[in-house]
Amino acid sequence: MSEGVLSVVRSEMKSYIWLQTTDGSIQQVEKEVAMSCPVICQEILQKGLGSSKNYPIVLPERVNPALLGLILDYCRFHQAPGRSNKEHKTFDEKFIRMSTQRLCELTSAAYSLKLKPLVDLTCRALARIIEGKTPEEVRETFHIPDDLTEEEKLEPIRNITDDPHIRRLNRLYAKKRQELKERDKPRNTRVKEEHVDERSVDDLLLFINGGKDSKGVQTTKNKKKNRRRKEKEKDSASNHSDVCPLSLFEFNAAYDARSEDNVDHILSSTPSETAKLQDFVELELELDESDSDDGLDPAMKKELDREVENFARILNSNWLERRQEILSLGNERRLVPVSGNISGSISRFTSKQLFYFSFPLIACNCGCLYSWIFFTPHLL
Amino acid sequence: MDDELIQDLISDLPQSIIESILIRLPIQDAVRTSVLSSKWRYKWATVTHLVFDNRCVALSNDRSVDQASLVKFITRALFLHQGPIHKFQLSTNYLQCSPDIDQWLLFLSRTDIKELFLELGDGEWFRVPSCLFNCKKLTRLELFRCELDPPPSFKGFLCLRSLNLHQVLVAPEAIESLISSCPLLESMQLSYFDSLALTIHAPNLKYLCLEGEFTDICLKNTPLLVAISVAMYMTEDVAEHFEQSSSCNFIKFLGGVPLLEKLVGHIYFTKVKYMILDFGLSSCFSYVSLQHAFIYMFSILKYLSIGDYPGRLPITYSHLRVIELYQVSFEDMNEILVVLRLILNSPNLKELQISGSPNTLPAIGAPDLDFWEKECPSDCTLKRLRDVKMTDMSGVPHEMEFIKFLLANSPVLESMTISPCVVMDGKVHMLIELLRFRRASPQAEILFIQD
């Protein structure tokens, strides 16, 4: 046989596979090309399908004829030998130039056929589309419904990238929510707050009278499931100069020692201590879960959590200004020395004042009781 | 009306596709997807690769502010993350030694982490806490500018396959025991160590890359080694100390690597020069091609040339295909001998690249040309040698003899590229000599590169 005849025979020997798409249409495809898809390959080898028109391989439902065409183009190019890496890359770049909708459908189709190189290529393309866009732009590109509820939106967005705009937004949300809360349920919250107050005060008394064991107090006061706190406890021995609740207790100890005298010393606490206190406040408020022992029902807990976060934001932004204010206030009035009987002093307040001043209290559980006292020297 | 028909294109794709997309996004964009819609709120939190660098946070001009915001970002991201973390990469020069990093590592050691890359800034080097040694599933470890101190109870990383320590302060015994206690170690890169005497026991090691000041390298148990790249530096006094000893460095270093396929011997710049040049040491074999020699001391070749050579080398490097040696001093007989030995014991050598030392001192006395007849057996043919590149040639007699030897014994040679570094007269002289040489290969091309 001559060479020419042989080659003709060889090309006629190329085998074909029959594939059926969701719409029922049946296509004939070269076997080598179709075998690059693991799913098709499996069907051929294990079930023996596809060799004739009556027994085609049924493709998964996400693969419509247009997509199948694209996928086969891809397979055809890549399984042909003798092409350099550069050529492959250029082909890929051109290949993924299509509408976003088509790209998503293609990803899904390639995934259902388990064609990993194509899945990787399309995911990379989608990632490139998303990269650098704002959430609104991404929503527009992919027609994602903006279905975060009002409440969820008002929850302070975790300011992960520390965007000043988000910070401002969170502050606005916080103020708005505070107004909402005040309008809606003033009395209930007040009652609950008093409840919370007393507990904290007991702990406070415990601390002032009894042990200065920071860890012990921490566990009674803050039974929050906080990984970070546990890590801190473990690592606290060595090298962390980070937010340290101990600094708070130093502050309290100083307060305690000088409780008989004027409160001036406390007011003039060093900036570092206030900074640490501020950090501690912020730290407390970052926590997702609240005290399980407070005896509050979950709904109330959620509200309190939100208030807590609100006020953290308010406090953190206004801390220093407030301090100045109070300092100037404090200088004008005579400061009554605070005795150890703090629970007694609390009961002196009317419920309204209690309400006003206990927000910071709830905000920071026991820790901020001190700040509460700190804030209102003129009432003592 | 059309808008009603257009559905959400992407949120309903399978989770593995979404994760595949999110992994390819920079971490700050991935986290931003949490505000797209309710379905997207926590999709990013299960991403298994976390890569942090300076671009994660909006930078200001104040370094301490940047540092604080980066720390906050990473801490929050770790805190909000759910599920296992397989890869954690931190490359930033804003953080040096910080207690936050200790906490992050403690957190990561509990998440079955597999790949850890830590590259911190200059300044005080970060002291790696002992919780790193509790990461049982670690397969890749890369540390830049750290201090490593394995605890005595450390039994090794049993799954570690790739180790890259760059400017890491660690005791020599600790390094050796670390290497030998990682049974699966396949790829190792040690860069910028000072005065290290290293004995390597690594039965699975395939790729080795060493750079720095070594006083001794002994590859004791590395039978599977496939590629070696060494940029070595040795001070004068160490070299002298070696002259007195009788152990053969060639055997110590290359005696136990029968499967070697590629050997590269660079020169090592001193640290000052390192800062001037821009190195990108990201993979095991990203070595820089050196054009100018600044300060250099002895290269690997000098190290190899030291010691008494016991006659014929017992090993044949039957897989060795590529040899690249820089800074070969053709004035030193011992170094030439080393090169010859390597070439003659590699029957399948395909590519050879030799770079001479441009600062070659003029020869004292007549060169010993009989040396070539003595050392080269008359029946040696380099049967597979196809490409030879000789750079920084100064035209000294031994260099020309070497080229002559190669041309005469390479029947399948395709190209011989010569780049001289001498003035015009020298070039002409070289060319005249080159013309005379016999060529065993009819299709050999001699390319004489002028600057």
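What you see is a predicted model; the values in this text were computed from it and never measured.

Novice: Looking at this structure, I do not really get the overall build of chain A. What am I missing?
Specialist: Tallying secondary structure elements over chain A gives 20 helices and three strands in all. A total of 380 residues make up chain A; the buried ones form 42% of that total. The long-range fraction of contacts in chain A, counting pairs at least 24 apart against all pairs at least 6 apart in sequence, stands at 67%. Accessible surface for chain A amounts to roughly 20800 Å². Of this, 51% is attributable to carbon and sulfur atoms.

Novice: What am I meant to see in the overall build of chain B here?
Specialist: Secondary structure assignment for chain B yields 14 helices and 15 strands. Sorting the 451 residues of chain B into buried and exposed places 54% on the buried side. The long-range fraction of contacts in chain B, counting pairs at least 24 apart against all pairs at least 6 apart in sequence, stands at 66%. Roughly 19900 Å² of accessible area belongs to chain B as shown, and the carbon and sulfur atoms make up 52% of that amount.

Novice: Looking at this structure, how should I read the sheet that holds strand 3 (residues 57-58) of chain A?
Specialist: Sheet strands associate in pairs through backbone hydrogen bonding, adopting either a parallel or an antiparallel arrangement. All names here are of chain A. Ordered by their spatial adjacency, three strands build an open sheet running 2-1-3, and the pairing between neighbours is mixed. On the outer flanks of this sheet lie strand 2 (26-30) and strand 3, each paired with one strand and no other. Examined bridge by bridge, strand 1 (residues 16-20) and strand 2 share five bridges and lie antiparallel to one another. The residue bridging tyrosine 16 from the neighbouring strand is glutamate 30, located in strand 2. The sheet strands contacting helix 4 (residues 65-79) are strand 1 and strand 2, and the helix crosses strand 2 at an angle near 5°.

Novice: Honestly, the confidence of the model for chain B in this entry has me stumped. Any pointers?
Specialist: Close inspection of predicted coordinates is inappropriate in any region flagged by low pLDDT. Residues and elements named next belong to chain B. With 83% of its residues at a pLDDT of 70 or more, chain B shows a mean pLDDT of 80. Here residues 270-297 is modelled with pLDDT under 50, and outside its nearest four sequence neighbours on either side it reaches 55 contacts, counting other chains as well. Predicted as a complex, the structure gets a pTM of 0.63 and an ipTM equal to 0.72.

Novice: When you look at the state of the cysteines in this model, what are you seeing that I'm missing?
Specialist: As used in these notes, a disulfide is a covalent bond between sulfur atoms, one from each of two cysteines. On inspection of all chains with the given rule, the structure shows zero disulfides over all chains. With no disulfide of its own, cysteine 104 of chain A lies closest to cysteine 123 of chain A among cysteine sulfurs, the gap being 9.8 Å.

Novice: Please clarify how the environment of isoleucine 323 of chain B should be interpreted in this entry.
Specialist: Here isoleucine 323 of chain B is to be found in strand 11 (residues 322-328). Counting along the chain gives 95 residues from isoleucine 323 of chain B to isoleucine 228 of chain B, while the straight-line C-alpha distance between them is 9.8 Å.

Novice: Looking at this structure, I do not really get helix 2 (residues 15-23) of chain B. What am I missing?
Specialist: Given 3.6 residues per helical turn, the α-helix brings residues three or four places apart onto the same face. Taken as a whole, helix 2 of chain B has its buried residues at Ile17, Ile18, Ser20, Ile21 and Leu22 of chain B. Packing partners of the buried residues in helix 2 of chain B comprise helix 6 (100-112) and helix 7 (116-130) of chain A together with helix 3 (27-32) of chain B.

Novice: Please explain the pairing of strand 13 (residues 387-393) of chain B as it appears in this structure.
Specialist: As a general feature of sheets, a regular strand has side chains that alternate between the two faces. Residues and elements named next belong to chain B. Bridge analysis of strand 12 (residues 351-356) against strand 13 gives five bridges, and the strand direction is parallel. Considered in strand 13, the bridge of leucine 352 is made with valine 388. Taken together, the six bridges between strand 13 and strand 14 (residues 415-420) define a ladder with parallel strand orientation. Within strand 14, the residue paired with valine 388 across the bridge is methionine 416. Handedness of the strand 13-helix 13 (residues 397-408)-strand 14 crossover: right-handed.

Novice: Sorry if this is basic, but what is going on with the packing of aromatic side chains here?
Specialist: Centre-to-centre distance and the angle between the planes together describe a pair of aromatic rings. Here the structure, examined in full by the defined rule, presents 10 aromatic pairs over all chains. Ring centres 5.9 Å apart and planes at 80° place the aromatic pair phenylalanine 52 of chain B and phenylalanine 73 of chain B in the edge-to-face group. In this pair, phenylalanine 52 of chain B is assigned in strand 1 (residues 49-53) and phenylalanine 73 of chain B in helix 4 (residues 63-80), connecting sequence segments 21 residues apart. Across this residue pair, the class does not change: phenylalanine 52 of chain B and phenylalanine 73 of chain B are buried. Plain terms: the ring middles of phenylalanine 133 of chain B and phenylalanine 157 of chain B are 6.1 Å apart, the flat faces sit at 15° to each other, and that makes the pair stacked. Of this pair, phenylalanine 133 of chain B sits in the loop between strand 4 (126-127) and strand 5 (140-147) while phenylalanine 157 of chain B sits in the loop between strand 5 and strand 6 (162-169), and the two are 24 residues apart along the sequence. For phenylalanine 133 of chain B, a relative accessible area of 4% gives the class buried. Accessibility expressed as a relative area gives 1% for phenylalanine 157 of chain B, which makes it buried. Joined through ring pairs, the aromatic side chains of Tyr74, Phe77, Phe91 and Phe95 of chain A make up one cluster.

Novice: Please explain the pattern of salt bridges as it appears in this structure.
Specialist: Close approach of charged atoms allows side chains with opposite charge to pair. Applying the stated criterion to the full structure yields 18 salt bridges over all chains. When the shortest N-O distance is used, the salt bridge between arginine 76 of chain A and glutamate 30 of chain A registers 3.4 Å. Taken together, the positions of arginine 76 of chain A in helix 4 and glutamate 30 of chain A in strand 2 put the pair 46 residues apart, joining distant regions of the chain. Between arginine 140 of chain B and glutamate 142 of chain B there is a salt bridge, with its nearest N and O atoms 3.4 Å apart.

Novice: Please clarify how the side chain of threonine 391 of chain B should be interpreted in this entry.
Specialist: The topology assignment puts threonine 391 of chain B in strand 13. Residue class for threonine 391 of chain B comes out buried when judged on its relative accessible area of 18%.

Novice: It is not clear to me how a positive patch on the surface should be interpreted in this structure. Could you clarify?
Specialist: Residue and element names in this part refer to chain B. Side chains of Arg321, Lys350, Lys383 and Arg384 sit close together on the surface and give a patch of like positive charge. With respect to the helices, strands and loops of the structure, arginine 384 is situated in the loop between helix 12 (370-375) and strand 13. On the basis of relative accessibility, which here comes to 46%, the residue arginine 384 falls in the partly exposed class.

Novice: In this structure, what is going on with the environment of isoleucine 228 of chain B? I would like to understand it.
Specialist: All names here are of chain B. With respect to the secondary-structure elements, isoleucine 228 resides in strand 9 (residues 227-233). Residues isoleucine 228 and leucine 263, 35 residues apart in the sequence, show an inter-C-alpha distance of 5.0 Å. When residues no more than four places from it in sequence are discounted, the contact partners of isoleucine 228 are Leu208, Leu219, Phe253, Leu254, Leu260, Lys262, Leu263 and Val264.

Novice: Before we go on, may I ask you to explain helix 6 of chain A in this structure?
Specialist: Relative to the 18 Å expected for 13 residues at 1.5 Å per residue, helix 6 of chain A spans 19 Å between its end C-alpha atoms, a close match to the ideal helical length. Next to the buried residues of helix 6 of chain A lie helix 3 (38-47), helix 4, helix 5 (85-95), helix 7 and helix 8 (135-142) of chain A together with helix 2 of chain B. Looking one or two residues past helix 6 of chain A, lysine 114 of chain A carries a phi angle of roughly 60°, positive in sign.

Novice: Explanation requested: unusual backbone geometry in the structure shown.
Specialist: Residues apart from glycine generally show negative phi values, whereas peptide bonds are mostly found in trans. All names here are of chain B. With phi around 60°, tyrosine 192 is a residue other than glycine that occupies positive phi space. Mapped onto the elements of the fold, tyrosine 192 is located in strand 7 (residues 187-201). Assessed through its relative accessible area of 5%, tyrosine 192 is described here as buried. A positive phi angle, near 60°, is found at glutamine 327, a position not held by glycine. By the element assignment, glutamine 327 lies in strand 11. Under the relative-accessibility criterion, glutamine 327 is labelled buried at 9%.

Novice: Would you mind showing me how to read the pairing of strand 11 of chain B here?
Specialist: All names here are of chain B. Within strand 11, seven of the seven residues are buried, which leaves the element mostly enclosed by the surrounding structure. As defined by bridge partners, strand 10 (residues 262-267) adjoins strand 11 across four bridges and the pair is classed as parallel. If you follow lysine 262 over to strand 11, its bridge partner there is valine 322. One ladder, built from five bridges, connects strand 11 with strand 12; its direction is parallel. Residue valine 322 lies in a different strand from strand 12, and its bridge partner there is glutamate 351. Handedness of the strand 11-helix 11 (residues 333-344)-strand 12 crossover: right-handed.

Novice: Help me understand the confidence of the model for chain A in this model?
Specialist: All names here are of chain A. Mean pLDDT over chain A stands at 63; residues scoring 70 or higher make up 41%. Per-element mean pLDDT across chain A ranges from 41 in helix 14 (residues 245-257) up to 91 in helix 7. In this model residues 189-199 is a low-confidence stretch, pLDDT under 50, and it forms 21 contacts with partners more than four residues away in sequence or in other chains. For residues 211-295, every residue scores under 50 in pLDDT, and the model assigns this stretch 134 contacts once sequence neighbours within four places are set aside.

Novice: Even after reading the chapter, I still don't get the side chain of threonine 21 of chain A, so can you show me in this structure?
Specialist: Residue and element names in this part refer to chain A. Turning to its location among the elements, threonine 21 is positioned in the loop between strand 1 and strand 2. Looking at threonine 21, the relative accessible area reads 4%, which means it is buried. One polar contact links threonine 21 to aspartate 23, side chain to side chain, over a distance of 2.6 Å. Side-chain polar atoms of threonine 21 contact the side chain of serine 25, separated by 3.1 Å. Leave out the neighbours within four places in its chain, and threonine 21 touches Leu59, Val63, Asn64, Pro65 and Leu68.

What counts as what
Residues numbered from 1 in each chain as written. Chains lettered and ligands numbered in written order. Predicted model: local features only at pLDDT ≥ 70, side-chain atom pairs only at ≥ 80, totals over all residues. Heavy atoms only, no water. Helix = DSSP H or I, 4+ residues; strand = E, 2+ residues; numbered from the N terminus. Buried < 20%, exposed > 50% of the residue type's maximum accessible area, 1.4 Å probe, protein only. Contact = heavy atoms within 4.5 Å. Areas by Shrake-Rupley, 256 points an atom, 1.4 Å probe, with all protein chains shown as cover. Pairing = 2+ DSSP bridges. Axes fitted to C-alpha atoms, helices over the stretch in contact; angles between N-to-C directions. pLDDT = per-residue confidence, 0-100. Disulfide = S-S within 2.5 Å. Right-handed = clockwise from strand over helix to strand, strands pointing away. Phe/Tyr/Trp six-rings, centres within 6.5 Å; stacked < 30°, edge-to-face > 60°. Salt bridge = Lys/Arg side-chain N within 4 Å of Asp/Glu carboxyl O. Patch = residues over 30% accessible without salt bridge, like charges linked within 9 Å, V, L, I, M, F, W, Y side chains within 5 Å. Lys, Arg positive; Asp, Glu negative; His and termini not counted. Charge placed at Lys NZ, Arg CZ, Asp CG, Glu CD. Expected span 1.5 Å × (residues − 1). Polar contact = N/O pair within 3.5 Å; in protein donor to acceptor, adjacent residues only side chain to side chain.

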